[in-house]
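Chains, contacts and geometry: an overview
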Amino acid sequence: MNSGDTAWVLVSAALVLLMTPGLAFFYGGMVRSRGVLNMLMMSLGSIGVVGVLWVLVGYSTAFGSDVGGVGLLGDPAEFFGLGSLLGEDQLSGSIPTLAFAGFQAMFAIITVALISGAIADRARFGPWLLFAALWAVVVYFPVAHWVFAFDSTDDAGNVTAVGGWIANRIAAIDFAGGTAVHINAGAAALALALVLGKRRDWPKDPGKPHNLPFVVLGAALLWFGWFGFNAGSALAANTTAAVVLVNTLVSTSAAMLGWLLVERIRDGHATTLGAASGIVAGLVAITPACSSVTPLGAIAVGAITGAVCALSVSLKYRFGYDDSLDVVGVHLVGGLLGTLLIGLFASSAAPAGVDGLFYGGGLDQLWRQAVGAVAVLAYSFVLSLLLALLVKAVVGFRASEQDEAVGIDETEHAEAAYHFGEGRSARRTAVESERKLEGSRA
């Protein structure tokens, strides 16, 4: 065990956990004031549900011995409760295996939380928790095995334990979760948006962010935590972690500028919301690529993704799906771009040691990246669609139109984030406004 490596992974795990409250602020600021608490609660609820499931079956499914030796699923019961990992002799590389398990738990948590942005203002909290639990078990844990579980070998190079098929058989590069986290969550978000349908007043009234300082605060916490997300995935305090940290910085910076440039050309002005969104898009794109590109390559990945995501968020209006907070436009599109651009910008000078098309490597790595990305997208979308339909049929998923009009905070949590005037509740104010509107229509 190396104490420096262990310390870095433990700190990185804390940084990644901080990203989920950061995401809650980022999402919470973008919704209407009467839905901010529900948005916060969906992220906090993800921590509770996935945190428990990870200890019970998640770690085993993702990193347990492969069932059947085909790279699809780890043994769900192998490390049940994680009690077998408590000894000092339980190591993963140079760190305690339990430190690795804790670090990976934070990835599972935020992946589930990311999905919630697509269904803001209209999802019931209880059914959301049920979906989160089902999705983590059926979708995230197996996909994490595909992408993050590497073969174990002996000193002679013989495989002693089979890992996931994408990481080992396809050899697609995903350093920290472009496929397992962002494409996975983005595809699930699209499925949920389709199952729950549009908000009652969308697209006529798409709803403006009620608190842009919250959005910026959330983006800042995400960026801060993302250094643990990416550089911590080196699982050591070494050169790889340093390269990844710098790439995460410059790619995100370039993506923000790319998004703002598109806004300036298209709309005539650069916005605070655009800057925050560009930051997140850049973080998403560099996540899979941070160990395989040079800093110049990272700038290219970020700039391209920032500009493309700025354009792609408007696709929901063209195709008619209500992705409330642009999870599809940022995480699915950004994850796809980051994963595929490895096939173009990867350089053997970077820690991953692979050349992409622009560095003389031909199309070999590009097809590997494409197979991994498409496989996760298809699996996640289909299973997410089925799980959402199941939850909808069994307990109901969407809030009623009246509850949506009153506000999801009041109807689901009996709370209001803000109290204006003489203590009038959001429910009372909204109901009276609805009655006045009905009277004027009559």
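Residues numbered from 1 in each chain as written. Predicted model: local features only at pLDDT ≥ 70, side-chain atom pairs only at ≥ 80, totals over all residues. Heavy atoms only, no water.

Judged by side-chain polarity, Val-67, Val-70, Leu-72 and Leu-73 come together as a nonpolar surface patch covering roughly 310 Å² of accessible area. Residue Val-70 is classed as partly exposed on the basis of its relative accessible area of 48%. (Patch = residues over 30% accessible without salt bridge, like charges linked within 9 Å, V, L, I, M, F, W, Y side chains within 5 Å. Areas by Shrake-Rupley, 256 points an atom, 1.4 Å probe, with all protein chains shown as cover. Salt bridge = Lys/Arg side-chain N within 4 Å of Asp/Glu carboxyl O. Buried < 20%, exposed > 50% of the residue type's maximum accessible area, 1.4 Å probe, protein only.)

The next subject is the UniProt feature "domain: Ammonium transporter AmtB-like" (unreviewed entry) in the protein chain. With numbering matched to this structure, UniProt assigns "domain: Ammonium transporter AmtB-like" (unreviewed entry) to residues 7–418. Segment residues 7–418 splits into 66% helix and 2% strand. End C-alpha atoms: 40 Å apart. (UniProt positions renumbered as here; feature names shortened; annotations may be inferred. Helix = DSSP H or I, 4+ residues; strand = E, 2+ residues; numbered from the N terminus.)

Moving on to the nonpolar core. Judged by nonpolar contacts, the single largest core of 126 residues is most densely connected at Trp-54 and Trp-128. Top element by residues in this core is helix H4 (residues 125–148). It accounts for 15 residues. Beyond its immediate stretch of four places on either side in the chain, Trp-54 contacts Tyr-59, Ala-62, Phe-63, Ala-101, Gln-104, Ala-105, Ala-108, Tyr-140 and Phe-141. (Core = buried A, V, L, I, M, F, W, Y, C linked by side-chain atoms within 4.5 Å. Contact = heavy atoms within 4.5 Å.)

Let us now look at unusual backbone geometry. The peptide bond linking Trp-202 to Pro-203 adopts the cis configuration, its omega dihedral lying at 5°. Checked against the element boundaries, Pro-203 lands in the loop between helix H6 (178–196) and helix H7 (212–231). Positive phi is not limited to glycine here, since Leu-82 has a value of about 65°. Tracing the chain through its elements places Leu-82 in the loop between helix H2 (36–63) and strand E1 (91–92). With a phi angle near 60°, Ala-171 is a residue other than glycine that sits in the positive phi range. Within the secondary structure, Ala-171 is located in the loop between helix H5 (165–170) and H6.

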